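The residues making up each chain are set out below.
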Amino acid sequence: MAAAGEPFLRIENISKFFGPFQAVKDVSLNVAKGEIFSLLGGSGCGKTTLLRMLAGFEEPTSGKIFLDGRDMTGVAPWDRPVHMMFQSYALFPHMSVEKNIGYGLKHEKMSAQKKASRVREMLELVQLVPYATRKPHQISGGQRQRVALARALARQPKLLLLDEPLAALDKKLRERTQFELMSIQQRTGVTFIVVTHDQEEAMTLSDRIAVMDKGEVKQIGSPGEVYEFPNSKFVADFIGSITSFPATILERQTGQLRLSVPALGGEVMARDVPGLSEGQEATLAIRPEKLLISKDRPEGANAFQGTVKDLAYFGKDSLYRVILPSGVLVQAHAVNATRGGEAARVADWDDRVWISFAPSSAIVLAE
Amino acid sequence: MKRRHTFLVSMLGFGFAFFYIPILSMIVYSFNESRLASVWGGFSTKWYVSLFSNKQVIDALILSLEIALVSASIATILGTMAGIALARFTKFRGRLLFSGLVTAPLIMPEVITGISSLMFFILMAQWIGWPAQRGFTTVTLAHITFSMVFVTTIVQARMLQSDRSIEEAAMDLGSRPWEVLRDVTLPVISPAVMSGWLLAFTISLDDVVITSFTTGPGSTTLPLLIWSKVKLGVTPDINALATLMVGIVAIGVVIAGIFMNRAEHRRQRDEQMAFRANG
Ligand SMILES: Nc1ncnc2c1ncn2[C@@H]1O[C@H](COP(=O)(O)OP(=O)(O)OP(=O)(O)O)[C@@H](O)[C@H]1O
Ligand SMILES: [Mg+2]
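Residues numbered from 1 in each chain as written. Chains lettered and ligands numbered in written order. Predicted model: local features only at pLDDT ≥ 70, side-chain atom pairs only at ≥ 80, totals over all residues. Heavy atoms only, no water.

(A) Expanded view of the overall build of chain B. Secondary structure assignment for chain B yields eleven helices and zero strands. Its helices and strands taken in sequence order, chain B reads α-α-α-α-α-α-α-α-α-α-α from the N to the C terminus. In terms of its C-alpha atoms, chain B occupies a principal-axis envelope of roughly 70 × 65 × 40 Å. For chain B, the accessible surface area stands at approximately 16300 Å², while carbon and sulfur atoms represent 71% of it. (Helix = DSSP H or I, 4+ residues; strand = E, 2+ residues; numbered from the N terminus. Areas by Shrake-Rupley, 256 points an atom, 1.4 Å probe, with all protein chains shown as cover.)

(B) How the structure looks around the overall build of chain A. When helices and strands are counted, chain A shows eight helices and 20 strands. With respect to the three principal axes, the spread of C-alpha positions in chain A is 75 × 50 × 40 Å. Long-range pairs, those at least 24 residues apart, make up 65% of the contacts in chain A between residues at least 6 apart in sequence. Carbon and sulfur atoms make up 51% of the accessible area of chain A, which amounts to about 16700 Å² in all. Between the mean site of the 45 positive side-chain charges and the mean site of the 42 negative ones, chain A shows a separation of 9 Å. (Contact = heavy atoms within 4.5 Å. Lys, Arg positive; Asp, Glu negative; His and termini not counted. Charge placed at Lys NZ, Arg CZ, Asp CG, Glu CD.)

(C) Structural view of the pattern of salt bridges. Enumeration according to the criterion identifies 27 salt bridges over all chains in this entry. With a shortest N-O distance of 2.5 Å, K106 of chain A and D183 of chain B are connected by a salt bridge. Of this pair, K106 of chain A sits in the loop between helix 2 (97-102) and helix 3 (112-125) while D183 of chain B sits in helix 8 (residues 177-205), on two different chains. Through salt bridges that share partners, K16, R52 and E58 of chain A together with E168 of chain B make up one connected network. (Salt bridge = Lys/Arg side-chain N within 4 Å of Asp/Glu carboxyl O.)

(D) How the structure looks around the domain arrangement of chain A. Residue and element names in this part refer to chain A. By domain assignment, chain A separates into domain 1 (9-237) and domain 2 (241-365). Taken together, both faces of the contact between domain 1 and domain 2 bury some 780 Å²; the carbon and sulfur share is 51%. Seen at the junction of domain 1 and domain 2, the total is one salt bridge. Between E228 and K290 there is a salt bridge; the shortest N-O distance is 3.2 Å. Seen at the junction of domain 1 and domain 2, the total is four residue pairs in polar contact (both at pLDDT 80 or more). When residues of the side of domain 1 that touches domain 2 are traced back to their parent elements, those giving at least two are helix 7 (223-228) and helix 8 (233-238). (Domains from an automatic or database assignment. Buried area = accessible area lost by both parts, 1.4 Å probe. Polar contact = N/O pair within 3.5 Å; in protein donor to acceptor, adjacent residues only side chain to side chain.)

(E) Molecular detail of helix 4 (residues 141-153) of chain A. Residue and element names in this part refer to chain A. Here helix 4 spans 19 Å end to end across 13 residues, near enough to the 18 Å set by a 1.5 Å rise per residue. Helix 4 sits mainly inside the fold: eleven of its 13 residues count as buried. Inspection of helix 4 places G142, Q143, Q145, R146, V147, A148, L149, A150, R151, A152 and L153 among the buried residues, and these make up the whole buried set. (Expected span 1.5 Å × (residues − 1). Buried < 20%, exposed > 50% of the residue type's maximum accessible area, 1.4 Å probe, protein only.)

(F) Representation of the confidence of the model for chain B within the structure. Residues and elements named next belong to chain B. Summarising the model, chain B shows a mean pLDDT of 86, and 95% of its residues fall at 70 or more. Confidence, expressed as mean pLDDT per element, reaches its minimum in chain B at helix 11 (residues 236-278) with 75 and its maximum at helix 7 (residues 164-172) with 94. For this predicted complex, the interface confidence comes out at an ipTM of 0.80, alongside a pTM of 0.81. (pLDDT = per-residue confidence, 0-100.)

(G) Local environment of the sheet that holds strand 20 (residues 363-365) of chain A. All names here are of chain A. Read from one edge of the open sheet, five strands run 13-12-11-14-20, paired in antiparallel fashion. The sheet is open, and its two edges are formed by strand 13 (266-271) and strand 20, each paired on a single side. Strand-to-strand twist of the sheet, defined as the mean angle between neighbouring strand axes without regard to direction, takes the value 45°. Relative to strand 12 (residues 256-261), strand 11 (residues 243-253) is paired through five bridges, and the arrangement is antiparallel. The partner of T248 across the bridge, within strand 12, is S260. (Pairing = 2+ DSSP bridges. Axes fitted to C-alpha atoms, helices over the stretch in contact; angles between N-to-C directions.)

(H) How the structure looks around the interface of chain B and chain A. Taken together, the contact pairs 25 residues of chain B with 30 residues of chain A. Carbon and sulfur atoms supply 58% of the area buried between chain B and chain A, which totals about 2300 Å² over both sides. Here chain B is connected to chain A by three salt bridges. For the pair chain B and chain A, the number of links is twelve residue pairs in polar contact (both at pLDDT 80 or more). Those elements that place two or more of their residues in the side of chain B that touches chain A are helix 7, helix 8 and helix 11 of chain B. Its residues placed into classes, the side of chain B that touches chain A shows eleven nonpolar, four polar and ten charged. (Nonpolar A, V, L, I, M, F, W, Y, C, P; charged D, E, K, R; others polar.)

(I) Layout of the packing of helix 4 of chain A against helix 5 (residues 171-188) of chain A. Residue and element names in this part refer to chain A. Running from N to C, helix 4 and helix 5 cross one another at 15°; their axes reach a closest spacing of 12 Å. Considered as vectors, helix 4 and helix 5 are oriented roughly parallel to each other. The handedness of the crossing between helix 4 and helix 5 is right-handed. For the pair helix 4 and helix 5, contact is made by G142, Q145, R146, L149 and L153 and by L173, T177, E180, L181, I184 and T188, respectively. Class assignment for the residues of the contact of helix 4 with helix 5 results in five nonpolar, four polar and two charged. (Parallel < 35°, antiparallel > 145°, perpendicular 65-115°, else oblique. Left-handed = near helix turned anticlockwise from the far one by under 90°.)

(J) Here's a closer look at the site of ligand 1. Residue and element names in this part refer to chain A. The immediate surroundings of ligand 1 are formed by F18, F21, A23, G42, S43, G44, C45, G46, K47, T48, T49 and E164. Interatomic distance of 2.5 Å between a side-chain N/O atom of T49 and an oxygen atom of ligand 1. With respect to ligand 1, the side chain of E164 contributes an N or O atom lying 3.5 Å from an oxygen atom. Bound to the protein, ligand 1 loses 60% of the 640 Å² it would expose on its own. For the shell around ligand 1, the secondary structure elements donating two or more residues are strand 2 (21-31) and helix 1 (47-55). The biggest single contributor to the shell around ligand 1 is helix 1, with three residues. (Near = heavy atom within 4 Å.)

(K) Quick peek at a positive patch on the surface. A surface patch of like charges, here positive, comprises K99 and K135 of chain A together with R262 and R266 of chain B. Relative to the assigned elements, R266 of chain B resides in helix 11. (Patch = residues over 30% accessible without salt bridge, like charges linked within 9 Å, V, L, I, M, F, W, Y side chains within 5 Å.)

(L) Quick look at the sheet that holds strand 10 (residues 216-221) of chain A. Residues and elements named next belong to chain A. Spatially, the six strands line up as an open sheet ordered 6-7-8-3-9-10, and their pairing is mixed. Pairing within the sheet leaves two strands with one partner each, and these edge strands are strand 6 (82-85) and strand 10. Going from strand to strand, the sheet's axes swing by 20° on average, the running direction of each strand aside. By the bridge criterion, four bridges tie strand 6 to strand 7 (residues 159-163) in an arrangement that is parallel. The partner of M85 across the bridge, within strand 7, is L162.

Shown next as C-alpha cells:
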C-alpha cells in the first residue's frame, strides 16, 4: 500500500491552536513500522494533544497525518486503525475484564468462537486469565493497566498510542512493566508511540525519542543520540543531569575546537560541532559521569584543579562536589569498583584533586 | 463551644419536629375511630376500608398513578437526552440559551408554569383544534415539561462527574457515537437516570398546582381529590388517604436508597478486597 520509502507514520507540519493558544507548533516526524517511538517532554508541552490528533479526537489546525500512506484528515476516530491506551486507563466500569478486552471485537466480522479465542489469547498475553470475570474495580492498578493494554491490542491496531502508560504504577511495578511492554511489542510487532515525561522510561523503552518543549519538537534521535549529542541546552538539561558553563570559541582546528571557559579557569579542547564560528559565544556542557576525578594530574588536555567540598557515598557510586578556584562547583560521579567501603574512595573532604574529561566527552552548544 | 453545640442540636431538633410531627399526627389520626378529627376515639382501620370501597378515590388513585408513570417515563427520556447534551457538547450555538431554558422551570413559581401551560393548551385548541378537552393528556404533558428539568439536572451532574475518556475509549475501539451512548454512557449513568425517574414520578404524583390548572372535568387526581375534600373539613378518611400517599412515596424513596446504598457498598468492598489481594 505504502509507496516505497514512505514511512509508516508521517506527521507533516502539524499545528494545533486552542483559541489563541498554540499547544503544538509545526511538528513533523516519521515513525517506522514496528518501532517504539517516545514523545518526551515536561508537563503541558503538548504530548497528549499530539496523541489525540493521531487518534482523531482533535483535528489539527494545520498540517497532515499520513498513516501507511493514507491521509488521516477528516477520518473519524472509529474508522482509524489506531488504538489508544488512556492515561487513566478508561476501562468500562460496568463490564468484566473479558468484556472490556473484547469490546472492540464487536466491530470485527468474525465468528463468536474466534472472538472468544482472541480474548483468551489477549488474557494470556497480559497474564490475566484468572481475573477474566472480575470488574475493573475488583482488580489492582497494575492489573487495570494490563487490561487497558490488552483491550487496545485486541483488534490488532496498526498503531498503538500509549499516554503515560506507567505513570500510575509504583517504581518497582513500573520497571517490571516496562520490560513487559517491550516484550509484548516485540511479540505483536505493533508500532508503539509512547508519551512520557519520565526520561529514564523513554530511554529504556524506546527505539527513538522526540524531545518536546512548549509544543515544539526539539530533537529526534535514538536514546544514545539525544543523551550523548543533545542539540540544545533544553535537551541536554532535560535528559539526564548535566553541568554547563559559558564558553567562547577561540579556534577551530581539524575536527577540534579550542574554547576559553573562564569558569573552569582555562582552555578546553572539544570535538568540533558544525555551524560554529570562531569568536562565537557558546555553552560547554559535561555529563557528571564523564568527569574523572584523581589525586594526580592526569595525562592530556582538559584537566583542572579543585578542592573536594562535599561527597556522598551511594553504594554503587560516589558523588563528589568539587569547588574550582573560580568559585564554581562541579559534580563528578566515580564508580566504586573495588570493595573497600568509605576507606577506598578516591578522595576525601578538603583534598586537592584534579578533575578532567576527554575532548570527545565535551558537548558544545551554540546557545 | 459546648453551648453552641447544644444550640445547633436543639435547632435541628425543632426543625425536624416542625416537619415530621404534623405528618406523624396525620398518620396516627388516620387510625382514629372517632369521626371528629381532633378527638381520639380508639384504634380502627375503618377509614381505610371505606376508602377502598369508594370508587371516586380508587379512580383518582389510578389516574394519578397513570399520569405519574407516563409523565415520569417520558420526562426521563427527554431529560436524560438534555442532560447528556448539556454535559457533553460544551460548545454549540445557543448552548447558554438552551441551558437557561431547560433549568428555568426549576425556579419558576408553579403558578406561573401552571398558567402558562393552561394558556398554551387554550391557544392550541383554538388554532389546531387540539386538545379539544383537557384531562389526562394535558396534565401529563404539563407534568413532563416541569419534571423533566429535575431529571436533566441530576443526569447532567452525573455526566460531569464521569470520566469523559471512557466514552472516547469506546469511540477509539470502533464505536460510532450512538453505539457509545448505548454501550457505555447510558449503563454508566443508569443509577442517576433511575433516581431521576423516581423523582419525576413522586413530583407528578403529589402535584396540585399545575394539575389543577391543566386538568378538565372528570379527570381528578388523588391530590386534587384530597384538596377538594379538605375544603369541606378534615375528616379521618382524608388522613387515611394522605397516609397512603406518604406510604407510596416513602416506599419508593426507601427502595431507591437501599438500591443505591448497596451498589456503593459492594463497590467499596470489592475495591478493598482487590487492594488487599494485590497490595
Ligand atoms: N481542550 C483544550 N482547550 C484549551 N487548551 C488545551 C486543551 N487541551 C490542552 N490544552 C493546553 O495545551 C497544552 C498542552 O496540553 P497537553 O495535554 O497536550 O500537555 P501534555 O504534554 O500532555 O502534559 P502532561 O504531561 O501534563 O499530560 C496545555 O497548556 C494545555 O493547557
Ligand atoms: Mg498529557
